[in-house]
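Residue-level structure breakdown
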There are 2 protein chains.
Amino acid sequence: LSPDQRAKGIIAYSGGNHAQGVAFVAREHGTSAVILMPRDAPRLKIANTRDFGAEVVLYDRDNDDRNAIGAQMAAERGLTLIKPYDDKQVIAGQGTVGLEIAEQAVELGVSKAAVLVPCSGGGLTTGVALALAAKAPDMVVHPVEPARFDDVTRSLVSGNREINSRRSGSICDTLLTPTAGEMLFPVLKKLCGRGYVVSDDDCLDAMAQAFFRLKLVAEPGGAAALAAALTQSDDITGDAIIVVISGGNVDSDMFQRALAKLG
Amino acid sequence: LSPDQRAKGIIAYSGGNHAQGVAFVAREHGTSAVILMPRDAPRLKIANTRDFGAEVVLYDRDNDDRNAIGAQMAAERGLTLIKPYDDKQVIAGQGTVGLEIAEQAVELGVSKAAVLVPCSGGGLTTGVALALAAKAPDMVVHPVEPARFDDVTRSLVSGNREINSRRSGSICDTLLTPTAGEMLFPVLKKLCGRGYVVSDDDCLDAMAQAFFRLKLVAEPGGAAALAAALTQSDDITGDAIIVVISGGNVDSDMFQRALAKLG
């Protein structure tokens, strides 16, 4: 950020952990942040983002145009827009997950593996794929999406950026971006294997298993890749399956729905 | 283990993660394991331990003598007893937590810190204290115990191994050992600072905060040190407070009690 940008502040869309990441970075850099977040985001995420000192502006996922609101606020206040996925620096940051995977896989003696990543706009998936292409080229990255929000899976089949027909209707609230980022899609297409699609119920089961076995708190979308590994391992090739669990912004009522699955 | 010991199998008392650790190690070494566990242990812990292939023998915390049962079974079947805390190798294993703390503290530029550790028989506390005495000598380790089961805190005041007056009555089911290990107590006394005592309610709050902020699943006793840090920071000296969260064997009903604290 230039001194001028820093003085005026930044604005970002909430995507996965992006909201809190941007809010945190803004605070560390002594600037202000506005975060646009869908009204149905977990209360916990809204509270956490505000705790980092950000101004949270809520919008209606079905009826508002996030891009229009963001562009207007950015123009009015001179804010710098940080996109959640179609941004090289954001993708580079998310690629550090891939670097960690490569490092840990070497320790475990794993080289050929399927790497499943929860996918929305495609930033995390592309970042991981780029890192692994460099560091662990025998791994294949697969995006995982919620049923009915499988635009990337379909896009990898058709070769074009497909668009979801709806904007809401899954508990995976961070995986509902209508289509993959324009800038990143060619990279994603070049580097990734086929996508996998999971149901909301699969994600709740995966959250319960993450609680039970891994002692980790995952939000529904954060557990999507784990859900694919647990339900579709017969369809996944590779010596090992590596799963990215990312995102723990889940309200206690949703978490209790997952725990109820343990019986 | 000698070939003869391996052929006959091992027996261990359940203490913290010790049950599953021993069951796992037994399986990896191709031998059998018997785990003595209090009847009120979390169902999840019993199930997990059995999943590792161990035979779980349940006893009554209030009325049975665990040591007598263990000694009898060991004698009858020729099993090798692995104690949960008063064993040099177990303490060395638990000391790896201290090595990790020292490593991470260096990365963060922290050298003077209070290190809070959930304490029952004292194995984890002693292991961490020994590792830090070698690697980060400006850190002071403090045991944390549940109210009414604060034998170690009282022992550090009196200089003698005090004994809890009851055997049950806290949700911190892994922190109820009646007194510190005989072998380790002199080490613990030499290296540790004062103890801290937390209520069951403090532990539930800490579990909720671990869920909310850290995305970690902790059992009540596993969250005891975090509970002390959250409720008694005014009484804790040092440039930083480092907390060990250890143990995530918690049934979903108990976890829901903690989540309910978030409101």
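All of these numbers come straight from a predicted model, not from anything done at the bench. Residues take numbers from 1 onward in each chain, read along the sequence in its written order. The lettering of chains begins at A and the numbering of ligands begins at 1, in the order of writing. Since the coordinates come from a predicted model, pLDDT governs what is reported: local features require at least 70, and pairs of side-chain atoms require 80 or more to be given and counted, while whole-chain, interface and lining totals use all residues. To obtain the side-chain values, all non-hydrogen atoms of the structure were used and water was disregarded.

Considering the pattern of salt bridges
Residues and elements named next belong to chain B. Salt bridges are defined as contacts in which a side-chain nitrogen from Lys or Arg sits within 4 Å of a carboxyl oxygen from Asp or Glu. Evaluated as defined, the whole model comprises 22 salt bridges over all chains. A salt bridge links arginine 43 to aspartate 251, with the shortest nitrogen-to-oxygen separation between them at 3.5 Å. Of this pair, arginine 43 sits in helix 3 (residues 43-51) while aspartate 251 sits in the loop between strand 8 (240-243) and helix 11 (252-260), and the two are 208 residues apart along the sequence. Working definition: with a 1.4 Å probe on protein chains only, accessible area under 20% of the residue-type maximum means buried, over 50% means exposed, and in between means partly exposed. A relative accessible area of 11% places aspartate 251 in the buried class. Across the pair aspartate 205 and lysine 261 runs a salt bridge, and its minimum N-O distance is 3.3 Å. Only DSSP runs of H or I reaching four residues or more are called helices, and only runs of E reaching two or more are called strands; each is numbered from the N terminus.

Section: the nonpolar core
We define the nonpolar core as a collection of buried residues of types Ala, Val, Leu, Ile, Met, Phe, Trp, Tyr and Cys that are connected through side-chain atoms lying within 4.5 Å of one another. If you look at the biggest cluster of nonpolar residues, it comprises 62 residues, and the most contacted ones within it are Phe211 and Phe255 of chain A together with Phe211 and Phe255 of chain B. Core analysis: the second largest hydrophobic core is formed by 26 residues, Ile101, Ala102, Val117 and Leu124 of chain A among them.

Topic: the relation of the copies chain A and chain B
Mapping chain A onto chain B is achieved by rotating through 180 degrees and translating by 0.0 Å along the same axis, at an RMSD of 0.0 Å. The symmetry that links the two subunits is that of a two-fold axis. When each C-alpha of chain A is compared by its distance to the rotation axis, leucine 216 of chain A comes out closest, at 2.5 Å. Here 100% of the contact residues of chain A are again contact residues in chain B; the copies associate through an equivalent surface. Least-squares superposition of the copies uses the C-alpha atoms of those residues scoring a pLDDT of at least 70 in each of them. Should any heavy atoms of two residues lie within 4.5 Å, those residues are considered in contact.

As for the interface of chain A and chain B
Bring the parts together and some accessible area is lost; that lost area is often taken as the interface size. In this assembly, 17 residues from chain A lie in contact with 17 residues from chain B. What gets called buried area is simply the loss in accessible area from a 1.4 Å probe that two parts show on being joined, summed for both. Counting each side, the surface lost to burial between chain A and chain B is near 1,700 Å², with a carbon and sulfur contribution of 61%. Looking at the side of chain A facing chain B, the largest losses of area belong to Phe211, Lys215 and Val217 of chain A, adding up to 34% of the total buried there. For the interface between chain A and chain B, the tally reads two salt bridges.

Brief notes about the sheet that holds strand 6 (residues 139-146) of chain A
Sheet strands associate in pairs through backbone hydrogen bonding, adopting either a parallel or an antiparallel arrangement. All names here are of chain A. Think of it this way: DSSP has to see at least two bridges between two strands before they count as a pair. One open sheet accounts for four strands, arranged 7-6-5-8; its pairing is parallel. In this open sheet, the two edge strands, each paired with only one partner strand, are strand 7 (196-198) and strand 8 (240-243). Shown here is a sheet whose adjacent strand axes are inclined to one another by a mean of 30 degrees, direction ignored. Lines fitted to C-alpha atoms define the axes here, with helix axes fitted over just the stretch in contact, and angles between the N-to-C directions of these axes take values from 0 to 180 degrees.

Let's talk about the packing of aromatic side chains
What counts as a ring pair is set by centres within 6.5 Å for rings of Phe, Tyr and Trp (its six-membered ring), and what kind of pair is set by the plane angle: stacked under 30 degrees, edge-to-face over 60, tilted for all other angles. Tallying each qualifying case throughout the model produces seven aromatic pairs over all chains. When the ring of phenylalanine 255 of chain A is compared with that of phenylalanine 255 of chain B, the centres are 5.8 Å apart and the planes differ by 50 degrees; the resulting orientation is tilted. Pair noted here: phenylalanine 255 of chain A is in helix 11 (residues 252-260) and phenylalanine 255 of chain B is in helix 11, and the two residues belong to different chains. With a centroid separation of 6.1 Å and an interplanar angle of 75 degrees, the aromatic rings of phenylalanine 211 of chain B and phenylalanine 255 of chain B are classed as edge-to-face. Highlighted residues: phenylalanine 211 of chain B in helix 9 (residues 200-214) and phenylalanine 255 of chain B in helix 11, separated in sequence by 44 residues. Using a relative accessible area of 0% as the deciding quantity, one classes phenylalanine 211 of chain B as buried. Of the residues examined, phenylalanine 255 of chain B reaches a relative accessible area of 0% and is grouped as buried.

Digging into a nonpolar patch on the surface
In this scheme, patches are assembled from residues that exceed 30% relative accessible area and form no salt bridge. Like charges are connected within 9 Å, while nonpolar side chains (Val, Leu, Ile, Met, Phe, Trp, Tyr) are connected within 5 Å. The accessible surface values rely on the Shrake-Rupley method and a 1.4 Å probe; as for residues, cover is taken only from the protein chains in view. Taken together, the side chains of Leu214 and Leu216 of chain A together with Leu214 and Leu216 of chain B present a nonpolar region at the surface, about 300 Å² in accessible area. Relative to the elements of secondary structure, leucine 214 of chain B occurs in helix 9. Under the relative-accessibility criterion, leucine 214 of chain B is labelled partly exposed at 42%.

Remarks on the packing of helix 11 of chain A against helix 11 of chain B
With their axes 11 Å apart at the nearest point, helix 11 of chain A and helix 11 of chain B run at an angle of 175 degrees to one another. Between helix 11 of chain A and helix 11 of chain B, the crossing angle belongs to the class labelled roughly antiparallel. Every residue of helix 11 of chain B that contacts helix 11 of chain A at Ser252, Phe255, Gln256, Leu259 and Ala260 of chain A is listed here: Ser252, Phe255, Gln256, Leu259 and Ala260 of chain B. Only Asp, Glu, Lys and Arg are considered charged, only Ala, Val, Leu, Ile, Met, Phe, Trp, Tyr, Cys and Pro nonpolar, and every remaining residue, Gly among them, polar. Taken together, the residues of the contact of helix 11 of chain A with helix 11 of chain B break down into six nonpolar, four polar and no charged. Roughly parallel here means an angle under 35 degrees, roughly antiparallel means over 145, roughly perpendicular means 65 to 115, and every remaining angle is called oblique.

What about helix 6 (residues 123-135) of chain B?
All names here are of chain B. Counted at 1.5 Å a residue, the expected span for helix 6 with its 13 residues is 18 Å, and the 18 Å between its end C-alpha atoms agrees. Looking only at helix 6, the buried set comprises Gly123, Leu124, Thr125, Thr126, Gly127, Val128, Ala129, Ala131 and Leu132. Looking at the buried positions of helix 6, the neighbouring elements they touch are helix 5 (88-108), strand 5 (113-118), strand 6 (140-146) and helix 8 (185-191). The length a helix should cover is 1.5 Å for every residue beyond the first.

Some remarks on the confidence of the model for chain A
This prediction gives chain A a mean pLDDT of 93; 99% of its residues lie at or above 70. Complex prediction metrics read pTM 0.90 and ipTM 0.87. Confidence scores per residue from the predictor, reported as pLDDT, run from 0 to 100.

Section: the sheet that holds strand 5 of chain B
Residue and element names in this part refer to chain B. Strand order in this open sheet of four strands is 7-6-5-8, and the pairing throughout is parallel. Whereas interior strands pair on both sides, the edge strands pair on one side only; in this sheet they are strand 7 (196-198) and strand 8. This sheet shows a mean twist of 30 degrees between the axes of neighbouring strands, independent of strand direction. Packing of helix 6 onto the sheet brings it into contact with strand 5 and strand 6, and relative to strand 5 it is tilted by some 155 degrees.

Considering the environment of glycine 248 of chain A
Along the chain, the position of glycine 248 of chain A falls in the loop between strand 8 and helix 11. In the structure, glycine 248 of chain A is positioned 32 residues away from leucine 216 of chain A in sequence and 8.5 Å away in space, judged by C-alpha atoms.

Section: the pairing of strand 8 of chain A
Residues and elements named next belong to chain A. The alternating pattern of strand 8 places Ala240 and Ile242 on a buried face, while none of Ile241 and Val243, on the opposite face, is buried. Bridging between strand 5 (residues 113-118) and strand 8 involves four bridges; their strand directions are parallel. Within the sheet, the bridge partner assigned to alanine 113 lies in strand 8 and is alanine 240.

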